[in-house]
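# Survey of secondary and tertiary structure
Listed below, chain by chain, are the residues.
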Amino acid sequence: MLPAKGRPAAEVLAELRALRAEDQAFASGRVLGSMCTAPHPVAVQAYQMFLETNLGDPAWCRGAQEAERRALASILGLLHAPGGSDGLLVSGGAEANLTALRIARRSGLREVILPRTAHFSFLKACDLLDMEPRWAELDGQFRVDVGSVEAQLGPNTACIVGIAGTTELGTVDPIRELGALALEHAAHLHVDAAFGGFALPFLPGAPGFDFALAGVDSLTIDPHKMGMAPIPAGCLAVRTAEMLRRISVPTPYVSTEAQASLVGTRPGAAAAATHAVLQHLGEAGYHEVAQRCMATARLLAKRLREAGLPPVLEPVLPVLAVPVPKPEPVRAALAKQGWFVSLAPLTRGIKVVCMPHVRPEHVEAFVPALRAAVQEVQ
Ligand code: 0PR
């Protein structure tokens, strides 16, 4: 309730400290279902520095605007985007995917071909844009089956979606083949690399997924996932700046001429924080983070096999789906013990993401807890 008279700051902060103590901190190593992680300390400092800035009205926030431009330039470079490409920092993967479908919808066509593994944000986007999802099946490795995508293609196809780092399994769809199909049928190809975008470029032997592949038109990549930036930090990258112009509306009274972003008032703090962590970690830093997370995921896979609970796949990215007999009760039993996992609905199990805050010692403690939870609910 809004108090009639303001309360002392110390009292309000004490209340919030008590609330915060009810949250699970990433540092505990027990948040195993999240695709976000503790923001890098340098990003936190940058965030605080730019707290009052608004990218929606850059006339008086030239510095924040430049921070966004520099962060975007780093991300576009990482993604092998050609000259003339562009992008937007957004609130996260859902907004980036929605914005990509807005671009594709400008064709006047309505159908979106989605792999069965697609994130639910695409359903929200289809709902908002009056688009129709057409589901494509998966192959034996849980990547989208190119033949199934081809079978769904037709005169009403606006967009093909490929995923580089699926939410449940971390798998990477055959983007090169999807690019060839998209070019052949003049469809928009959007790659959802919200999770994989900051890891795949740093994992030797990982499949290609970005603008280096012909036919890729737009790409979601989230700094607030493997990029180690604070929430909210998502990014949509587009092959040509014209794609953003297609969805821009005039903004006659603020200091932009037009905006492609869904959101008007946008946090310059998120842009500054993203630029800070990109510059501070650099390629070598992200390489180290990705390798460390993969090593933890491989250790987890090994311990799970030893415990008789093998994961669906050897990790491609640091995500493991583990089939268990009663996933929801297992998740609840784990939560009671202070372990927070996610569900893996496609493969009927639970899901663990080895984000940077998850260390080998957490994995070693988790596997016996999972085994106990599975036995408890039988
Ligand atoms: N695309 C992919 C491939 C994703 O995995 C996600 C989110 C999105 C898009 C949407 O991104 P935003 O949530 O940033 O809009 N993946 C996780 C999920 O839904 C997000 C998440 C993060 C879930 C932290 C739990 C959590 O604690 O499972």
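Conventions and cut-offs
- Residues numbered from 1 in each chain as written.
- Predicted model: local features only at pLDDT ≥ 70, side-chain atom pairs only at ≥ 80, totals over all residues.
- Heavy atoms only, no water.
- Near = heavy atom within 4 Å.
- Polar contact = N/O pair within 3.5 Å; in protein donor to acceptor, adjacent residues only side chain to side chain.
- Areas by Shrake-Rupley, 256 points an atom, 1.4 Å probe, with all protein chains shown as cover.
- 1 Å grid on protein atoms, 1.4 Å probe; cavity = no way out; pocket = protein on both sides within 12 Å on 5 of 7 lines; lining within 4 Å.
- Sits in = over half its atoms within 2 Å of the grid points.
- Helix = DSSP H or I, 4+ residues; strand = E, 2+ residues; numbered from the N terminus.
- Nonpolar A, V, L, I, M, F, W, Y, C, P; charged D, E, K, R; others polar.
- Patch = residues over 30% accessible without salt bridge, like charges linked within 9 Å, V, L, I, M, F, W, Y side chains within 5 Å.
- Salt bridge = Lys/Arg side-chain N within 4 Å of Asp/Glu carboxyl O.
- Points joined across faces, edges and corners; volume = space filled by probe spheres on them.
- Domains from an automatic or database assignment.
- Buried < 20%, exposed > 50% of the residue type's maximum accessible area, 1.4 Å probe, protein only.
- Axes fitted to C-alpha atoms, helices over the stretch in contact; angles between N-to-C directions.
- Parallel < 35°, antiparallel > 145°, perpendicular 65-115°, else oblique.
- Left-handed = near helix turned anticlockwise from the far one by under 90°.
- Contact = heavy atoms within 4.5 Å.
- Buried area = accessible area lost by both parts, 1.4 Å probe.
- Pairing = 2+ DSSP bridges.

## Remarks on the site of the ligand
Taken together, 17 residues are adjacent to the ligand, and Ala 94, His 119, Thr 167, Asp 192 and His 224 come closest. Between Thr 167 and the ligand, the recorded distance is 2.8 Å, taken from a side-chain N or O atom to an oxygen atom. Between the ligand and the protein, one listed contact pairs an oxygen atom with a side-chain N or O atom of His 224 at 2.8 Å. Protein contacts shield 75% of the accessible area of the ligand, which totals 600 Å² for the unbound molecule. The cavity where the ligand resides is the largest pocket. For the shell around the ligand, the element with the most residues is helix H4 (residues 93-105), which contributes three residues. Residue classes in the shell around the ligand are distributed as four nonpolar, nine polar and four charged.

## Thoughts on a nonpolar patch on the surface
Taken together, Leu 13, Leu 16 and Leu 19 make up a surface patch of nonpolar side chains, about 270 Å² in accessible area. With respect to the secondary-structure elements, Leu 13 resides in helix H1 (residues 9-22).

## Some thoughts on the layout of surface pockets
Here the largest pocket is characterised by a volume of approximately 680 Å³. Residue lining of the largest pocket: 32 residues in total, with Met 35, His 119, Phe 120, Thr 167 and Lys 351 positioned closest to the centre. Those elements that place two or more of their residues in the lining of the largest pocket are H4, helix H5 (121-129) and strand S11 (342-344). Its residues placed into classes, the lining of the largest pocket shows 13 nonpolar, 12 polar and seven charged. Both domain 1 (21-40 + 282-377) and domain 2 (42-279) contribute no fewer than three residues apiece to the lining of the largest pocket.

## Looking at the pattern of salt bridges
On inspection of all chains with the given rule, the structure shows 19 salt bridges. The partner of Glu 288 in a salt bridge is Arg 292, with the nearest N and O atoms 3.2 Å apart. In this pair, Glu 288 and Arg 292 are both assigned in helix H9 (residues 268-306), four residues apart and thus about one turn of the helix distant. We classify Arg 292 as partly exposed; its relative accessible area is 25%. One salt-bridge network, in which partners are shared between bridges, spans Arg 110, Glu 111, Asp 130, Glu 132 and Arg 134.

## Some details on the packing of H4 against H5
Relative orientation of the contacting elements H4 and H5 amounts to 40°, with a least axis distance of 9 Å. Overall, the two elements H4 and H5 adopt an arrangement that is oblique. Considering only the axes of H4 and H5, their crossing is right-handed. Taken together, the residues of H5 that come into contact with H4 (itself represented by Ala 94, Asn 97, Leu 98, Leu 101, Arg 102 and Arg 105) are Ser 121, Phe 122, Ala 125, Cys 126, Leu 128 and Leu 129.

## Overview of the domain arrangement of the protein
When its domains are assigned, the protein resolves into domain 1 (21-40 + 282-377) and domain 2 (42-279). Between the C-alpha centres of domain 1 and domain 2 there is a distance of 26 Å. Listed as interface residues are 30 residues of domain 1 and, on the opposing side, 35 residues of domain 2. Together, the buried faces of domain 1 and domain 2 total about 2800 Å²; carbon and sulfur atoms form 74% of this surface. Ranking the residues of domain 1 by area buried against domain 2 places His 40, Tyr 286 and Leu 317 at the top, with a combined share of 28%. Here domain 1 and domain 2 share zero salt bridges between them.

## Points about the pairing of strand S7 (residues 234-238)
Summarising burial for S7: five of the five residues are buried, a large majority. Here S7 shows two buried faces, one formed by Gly 234, Leu 236 and Val 238 and the other by Cys 235 and Ala 237. Looking at chain direction, strand S1 (residues 86-90) and S7 are connected through five bridges and run antiparallel. Each bridged residue has a counterpart across the sheet, and for Val 90 the counterpart in S7 is Gly 234. Strand direction decides the pairing type here: strand S6 (residues 218-220) and S7, joined by three bridges, are antiparallel. By the bridge assignment, Ser 218 is partnered in S7 with Val 238.

## A short note on the packing of H9 against helix H11 (residues 360-377)
Orientation of H9 relative to H11, taken along the N-to-C sense of each, is 25°, at an axis distance of 10 Å. For the element pair H9 / H11, the angle class is roughly parallel. In this structure, H9 crosses over H11, and the sense of that crossing is right-handed. Contacts from Thr 296, Leu 299, Leu 300, Arg 303 and Leu 304 in H9 reach Pro 360, Val 363, Glu 364, Phe 366, Val 367 and Leu 370 in H11.

## What to know about the sheet that holds S1
Taken in spatial order, the seven strands of this open sheet run S1-S7-S6-S5-S4-S2-S3, and their pairing is mixed. In the strand order of this sheet, the two ends are held by S1 and strand S3 (132-136), each with one partner. Taking each pair of neighbouring strands and ignoring which way they run, the sheet shows an average axis angle of 20°. Strands strand S2 (111-115), S3, strand S4 (157-163) and strand S5 (188-192) of the sheet are contacted by H5, whose axis makes an angle of about 145° with S3.

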